[in-house]
Amino acid sequence: EHIPLGDVEIQVLHPSGLTGDSNEDSLVLQLTCGDVQVLLTGDAGADSESSMLKAGVLEDVDVLKVGHHGSRSSTTQDFLDMVQPEFAIISAGRNSQYGHPHPEVMDRLQRAGIEVLHTDTSEGDDTLKMVSDRVLCDPAAYCPNRDQAGSHSYSSTSVSPFNYPRSNVHFT
């Protein structure tokens, strides 16, 4: 299913049916805004990833929100090989009682050369803001949002400012 929201398009990739497992039944969305693609995986794990791979619904994306807080059962190598993100965002609490993100997931992301951002880096509000100079849209407002510099912003969670020259995206 495709949902247009101004300059943003949301594509529902998963689930195609319900299994009764609340993690594996997580809604997986691909946001497209201009030439920037963000894959939001919720608590999806290896079974969901495998299902999407078999269905052929995955493609190369710019930003991946890592599934299930970076748990061991998410972000498989086959999945990473297909989506090939430049950035991965891991939403997990500081000193997670579950050990998120799992070292195996971190190793897979690092071996793939993916820049990783975290929400577990401080006691405070770890907020990530993604900005693209080539895209003029604001998915939160359901319509184009242009500031003085003509840039687009999308708020999520994490820290670490850096630039992403390929699609002119940077995080602050």
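In this text the structure is predicted, and so the values were computed from the model without any measurement. (Residues numbered from 1 in each chain as written. Predicted model: local features only at pLDDT ≥ 70, side-chain atom pairs only at ≥ 80, totals over all residues. Heavy atoms only, no water.)

So, about the overall build of the chain. Each helix and strand in the chain was counted, giving 3 helices and 11 strands. In the chain, the order of α-helices and β-strands from amino to carboxyl end is β-β-β-β-α-β-α-β-α-β-β-β-β-β. A burial count over the chain gives 44% of its 172 residues as buried. At a minimum sequence separation of 6, the contacts of the chain that also span at least 24 residues come to 58%. When the accessible surface of the chain is totalled, it reaches about 8700 Å², and 48% of it is carbon and sulfur. (Helix = DSSP H or I, 4+ residues; strand = E, 2+ residues; numbered from the N terminus. Buried < 20%, exposed > 50% of the residue type's maximum accessible area, 1.4 Å probe, protein only. Contact = heavy atoms within 4.5 Å. Areas by Shrake-Rupley, 256 points an atom, 1.4 Å probe, with all protein chains shown as cover.)

Glancing now at the pairing of strand 1 (residues 2-5). As paired elements, strand 1 and strand 2 (residues 8-14) share 4 bridges and run antiparallel to each other. In the sheet register, L5 faces strand 2, and the bridge partner there is V8. (Pairing = 2+ DSSP bridges.)

The next thing to look at is the environment of S22. You can see S22 is positioned in the loop between strand 2 and strand 3 (28-33). On a C-alpha basis, the gap between S22 and A44 in space is 8.8 Å, while along the polypeptide they are 22 residues apart.

Turning our attention to unusual backbone geometry. Apart from glycine, the bulk of residues carry a negative phi angle, and the bulk of peptide bonds sit in the trans form. P15 follows H14 through a cis peptide bond whose omega is 5°. On the secondary structure map, P15 appears in the loop between strand 2 and strand 3. Positive phi outside glycine occurs at T75, with the angle close to 55°. With respect to the secondary-structure elements, T75 resides in the loop between strand 5 (63-65) and helix 2 (77-83). One non-glycine residue, Q84, lies in the positive phi region at around 40°.

Our next topic: helix 1 (residues 46-55). Among all positions of helix 1, only S48, E49 and M52 are buried. The arc that holds the buried residues of helix 1, viewed along the axis, is 100°, so those residues lie on one side. Summarising the geometry of helix 1, the exposed residues directed more than 90 degrees from the buried face are D47 and K54. The secondary structure elements touched by the buried residues of helix 1 are strand 2, strand 3 and helix 2. Looking at the residues trailing helix 1, positive phi occurs at G56, about 70°. (Arc of directions from axis to C-beta.)

Quick reminder: α-helices carry 3.6 residues per turn. Residues three or four places apart thus point the same way. Every buried residue belonging to helix 3 (residues 103-111) is among V105, M106, R108 and L109, and all of these are buried. Looking straight down helix 3, one finds that the buried residues subtend no more than 160° of arc, so they occupy a single side. Exposed positions of helix 3 whose direction lies more than 90 degrees from the buried face are P103, Q110 and R111. Looking at the buried residues of helix 3, the elements they touch are helix 2, strand 6 (87-90) and strand 7 (115-118). Immediately downstream of helix 3, the backbone of G113 shows phi near 75°, a positive value.

A few words now on the nonpolar core. Counting residues in each nonpolar core, the largest one holds 19 residues, and the members touching the most others are L39, L58, V66, F79 and L109. Broken down by secondary-structure element, the contributors of at least two residues to this core are helix 2, strand 6 and helix 3. In contact with L58, not counting residues within four places along its chain, are L13, L39, E49, M52, L53, F79, M82 and V83. Judged by nonpolar contacts, the second largest core, of 14 residues, contains V36, V63, I89 and L117. (Core = buried A, V, L, I, M, F, W, Y, C linked by side-chain atoms within 4.5 Å.)

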